[in-house]
Amino acid sequence: MRITVFGASGRTGRHVVEQALGHGHEVVAFVHSTPLAVASPRLTCHTGDVNDFEAVSSAIRGSSAVASALGIGARGDAHLHERAMGNICSWPIRPRRSP
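Computed from a predicted structure; not experimentally measured.

How should the environment of Val 16 be read in this particular structure?
Counting through the fold element by element, Val 16 comes out in helix α1 (residues 11-22). What makes Val 16 partly exposed here is its relative accessible area of 30%. For the pair formed by Val 16 and Ala 67, sequence separation is 51 residues and the distance between their alpha carbons is 8.1 Å. Discounting residues that sit within four places of it in the chain, Val 16 has contacts with Val 5 and Ala 67.

Next up, the structure:
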């Protein structure tokens with residue numbers, strides 16, 4: 001399974017990435033600027049901003065699941081999660097199938 005993890009470089013996100021890799025999953029780690037200290041052939045790092053719909057869409061494309069471990073960020077943006085979830089939830093993880 002391919003899982004996209006938002007906030008992958010944070011305290012919680014690193015654990016989510018490590019657990020997913022440990023269970024044999026392919027992981028797309030979406031980070032804002034801090035690179036991950038984890039290396040794996042099943043890990044792809046995607047640097048971007050969760051406020052950017054195109055960056056979010058690109059990271060999710062091809063994934064079966066999405067996990068969010070977003071913090072409030074260095075600036076303490078009170079609306080970060082609202083905008084990020086809007087972008088994440090606007091992308092269909094699995095394409096609709098014809099009946």
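Sorry if this is basic, but what is going on with the side chain of Ser 9 here?
Relative to the assigned elements, Ser 9 resides in the loop between β1 (2-6) and α1. A residue is classified by how much of its surface remains accessible, and Ser 9, at 17% relative accessible area, is buried. The residues touching Ser 9, leaving out its near neighbours within four places in the chain, are Arg 14, Val 31, Thr 34 and Leu 36.

What's the story with the environment of His 15 in this structure? I'm lost.
Within the secondary structure layout, His 15 lies in helix α1. Exposure remark for His 15: the relative accessible area of 51% places this residue in the exposed category. It is 9.6 Å that separates the C-alpha atoms of His 15 and Ala 69, two residues lying 54 residues apart in sequence.

When you look at the packing of aromatic side chains in this model, what are you seeing that I'm missing?
We describe a pair of aromatic rings using the distance from one ring centre to the other and the angle between the two ring planes. A full pass over the atoms with the stated rule returns 1 aromatic pair. Between Phe 6 and Phe 30 the ring centres are 4.8 Å apart and the planes differ by 45 degrees, which places this aromatic pair in the tilted class. With Phe 6 in strand β1 and Phe 30 in strand β2 (residues 26-31), this residue pair connects regions lying 24 residues apart in the sequence. Under the relative-accessibility criterion, Phe 30 is labelled buried at 2%.

When you look at the pattern of salt bridges in this model, what are you seeing that I'm missing?
When charged atoms on two side chains of opposite charge get close, those side chains can pair. This structure, assessed with the given rule, holds 1 salt bridge. Note that Arg 2 is salt-bridged to Glu 26, the shortest N-O span being 3.5 Å. Of this pair, Arg 2 sits in strand β1 while Glu 26 sits in strand β2, and the two are 24 residues apart along the sequence. Here Arg 2 falls in the partly exposed class, since its relative accessible area comes to 24%. Assessed through its relative accessible area of 34%, Glu 26 is described here as partly exposed.

Rules and cut-offs
- Residues numbered from 1 in each chain as written.
- Predicted model: local features only at pLDDT ≥ 70, side-chain atom pairs only at ≥ 80, totals over all residues.
- Heavy atoms only, no water.
- Helix = DSSP H or I, 4+ residues; strand = E, 2+ residues; numbered from the N terminus.
- Buried < 20%, exposed > 50% of the residue type's maximum accessible area, 1.4 Å probe, protein only.
- Contact = heavy atoms within 4.5 Å.
- Phe/Tyr/Trp six-rings, centres within 6.5 Å; stacked < 30°, edge-to-face > 60°.
- Salt bridge = Lys/Arg side-chain N within 4 Å of Asp/Glu carboxyl O.

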